[in-house]
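Examination of the molecular architecture
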Amino acid sequence: MRVHIGTDHAGFELKEYLREQLAADGHDVVDHGSFEYDIEDDYPAFCFAAAEAVVAEAGSLGIVIGGSGNGEQIAANKVRGVRAALAWSVETARLSRQHNDANVVAVGARQHTAAEALEIVRAYLAEPFTGLARHQRRIDQVSAYENAR
């Protein structure tokens, strides 16, 4: 699977670790930055780039990383067509895919060990959308609102 990933300085080390691990799992990981540790960088541009790439490439998924993941989720959700979910556990990662067909997951690098974050991301990437009518109906309602603005 193609996976687009972006982060600022707070998630830089975790991004590098996830890139390596996910590539070893067989995923095609596309890095949207940051490309070096810079404490003065800002997350929005990296999150926008990863999110835009997900929307442009059907079937791909995205990961945005920051200190908490909150700002990164907010930034990714500003891209039309993105459904970014903040996952703080394996269960919330799975539910974001099952119920919300989330195409981007946000993870807080300062909230988890690298091993925990990898487990969360792997669960997210492995989980399919259920396709149940009630879930699709809700996604369609959110999309309709987004597209009307």
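Note: the structure precedes this text.
Residue positions are given per chain, counting from 1 as you read along its sequence in written order. At least 70 in pLDDT is required for a residue's local features to be given in this predicted model, at least 80 for side-chain atom pairs to be given and counted, and no such filter applies to totals for whole chains, interfaces and linings, which use all residues. Just so you know, side-chain values use all the structure's heavy atoms and leave hydrogens and water out.

**A closer look at the pairing of strand 5 (residues 104–108)**
One face of the sheet, then the other: side chains in a regular strand alternate in exactly this way. Here is the rule: Here's how the labels work: a residue is buried when its accessible area is under 20% of the maximum for its type, exposed when over 50%, partly exposed in between, all with a 1.4 Å probe on protein chains only. What counts as a helix is a DSSP run of H or I of at least four residues, what counts as a strand is a run of E of at least two, and both are numbered from the N terminus. Pairing between two strands is assigned when DSSP locates at least 2 bridges connecting them. For a crossover, the right-handed case is the one in which the path from the first strand over the helix to the second runs clockwise, viewed with the strands pointing away from the viewer.
Across the five residues of strand 5, five count as buried, placing the element largely inside the fold. Side chains Val104, Ala106 and Gly108 of strand 5 all project onto a buried face; the interleaved residues Val105 and Val107 project onto the opposite face, where all are buried too. Here five bridges tie strand 3 (residues 61–66) to strand 5, and the two strands are oriented parallel to one another. Its bridge partner lying in strand 5, Gly62 is registered against Val104. Bridging between strand 4 (residues 84–86) and strand 5 involves three bridges; their strand directions are parallel. Paired with Ala84 across the bridge in strand 5 is Val104. Read from strand 4 through helix 4 (residues 90–98) to strand 5, the crossover connection turns out right-handed.

**Things to note about the sheet that holds strand 3**
Sheet strands associate in pairs through backbone hydrogen bonding, adopting either a parallel or an antiparallel arrangement. Where we set the bar: Note on geometry: axes are C-alpha line fits, over the in-contact stretch for helices, and angles between N-to-C directions span 0 to 180 degrees. The contact rule is simple, with two residues in contact once any of their heavy atoms fall within 4.5 Å.
Taken in spatial order, the five strands of this open sheet run 2-1-3-5-4, and their pairing is parallel. Sheet topology places strand 2 (28–31) and strand 4 at the edges, where each strand pairs with a single neighbour. In this sheet, neighbouring strand axes are inclined to one another by 25° on average, regardless of whether the strands run parallel or antiparallel. Of the strands in this sheet, strand 1 (2–7), strand 3 and strand 5 are in contact with helix 2 (residues 43–56), which crosses strand 1 at around 165°.

**Observations regarding the environment of Arg122**
Along the polypeptide, Arg122 turns up in helix 5 (residues 114–126). Each C-alpha atom of the pair Arg122 and Ser60 lies 14 Å from the other, and the pair is 62 residues apart in sequence.

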